[in-house]
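Fold and contact review
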Amino acid sequence: MARQRFGLEGPSHTGHDVGHWDGLKAGELRIQRCGACAEWIWVAQPLCPSCHAFDPGWEAVEPDGVVYAWTRTWRAFHPSAEVPYTTVLVELPQAGNKRVLGLYTGADDPVIGSRVRGEFESAPDENSWPLIRWSAV
Ligand SMILES: [Zn+2]
């Protein structure tokens, strides 16, 4: 299976998710967490959706999760895409069951409900961002 990179990696235009990408640079999977009420927050936001405290912090979690859903893409929606590739929606039990989307590197089809582990891949150059790729445990 191809080792996809789309050139779309990196913080969003809002910058709310910079903490996540800084975490990947440091070899950590960081998920936003409210310092006031301890709610896990994903996708990153400027305030806690539970208690409305501003500027939630970031916490590193083990890149261990469970496959919640997956799909295989057969059509190249981006010029640099090599198809097919497999995307998984990974639920993170130690982060309030928040779900992160990522590329799957296993040779076999992912199995819903099975454990996966993320591996960090360094950025190929200084203008790119690191990635986390998921595979079966
Ligand atoms: Zn909160």
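In terms of burial, strand β1 (residues 29-33) is largely enclosed, as 5 of its 5 residues are buried. Inspection of the sheet shows β1 paired to strand β3 (residues 57-61) by 5 bridges, in the antiparallel sense. By the bridge assignment for β3, Q32 is matched with W58. Examined bridge by bridge, β1 and strand β2 (residues 40-41) share 2 bridges and lie antiparallel to one another. The residue bridging Q32 from the neighbouring strand is I41, located in β2. Here β1 folds back onto β2 in antiparallel fashion, the turn holding 6 residues, of which A38 has a positive phi close to 70°.

The domain architecture assigned to the protein chain consists of domain 1 (13-61) and domain 2 (63-137). If you average the C-alpha positions of domain 1 and of domain 2, the two centres end up 20 Å apart. Contacts between the two partners involve 9 residues from domain 1 and, on the opposite side, 12 residues from domain 2. For the side of domain 1 that touches domain 2, the leading source of residues is helix α1 (residues 18-25), giving 3 residues. Residues that form the side of domain 1 that touches domain 2 fall into these classes: 7 nonpolar, 1 polar and 1 charged.

Moving on, we get to unusual backbone geometry. Residue W42 is joined to V43 through a cis peptide bond whose omega torsion reads 10°. Among the structural elements, V43 can be located in the loop between β2 and β3. In this structure, P84 follows V83 across a cis peptide bond, with omega equal to 0°. For P84, the position within the fold is in the loop between β4 (64-73) and β5 (85-92). Not every positive phi belongs to a glycine, and A38 is a case in point at roughly 70°. By secondary structure assignment, the location of A38 is in the loop between β1 and β2. A38 gets classed as exposed once you count the C-beta atoms within 10 Å, which come to 12.

Strands sit in the order β2-β1-β3 across an open sheet of 3 strands; the sheet is antiparallel. A strand with exactly one partner marks an edge of an open sheet, and here the two such strands are β2 and β3. Each of β1 and β3 touches α1; the most contacted strand, β1, lies at about 155° to it.

So, about the sheet that holds β4. On the basis of which strands lie adjacent, the closed barrel formed by 5 strands has the order β4-β5-β6-β8-β7 and mixed pairing. Here the strands of the sheet are splayed against their neighbours by 50° on average, with no regard to which way each runs. Across 6 bridges, strand β7 (residues 115-121) lies against strand β8 (residues 131-136) in antiparallel orientation. Paired with V116 across the bridge in β8 is A136.

Rules and cut-offs
Residues numbered from 1 in each chain as written. Predicted model: local features only at pLDDT ≥ 70, side-chain atom pairs only at ≥ 80, totals over all residues. Buried ≥ 20, exposed ≤ 12 C-beta atoms within 10 Å, placed from the backbone. Helix = DSSP H or I, 4+ residues; strand = E, 2+ residues; numbered from the N terminus. Pairing = 2+ DSSP bridges. Domains from an automatic or database assignment. Contact = placed C-beta atoms within 7 Å. Nonpolar A, V, L, I, M, F, W, Y, C, P; charged D, E, K, R; others polar. Axes fitted to C-alpha atoms, helices over the stretch in contact; angles between N-to-C directions.

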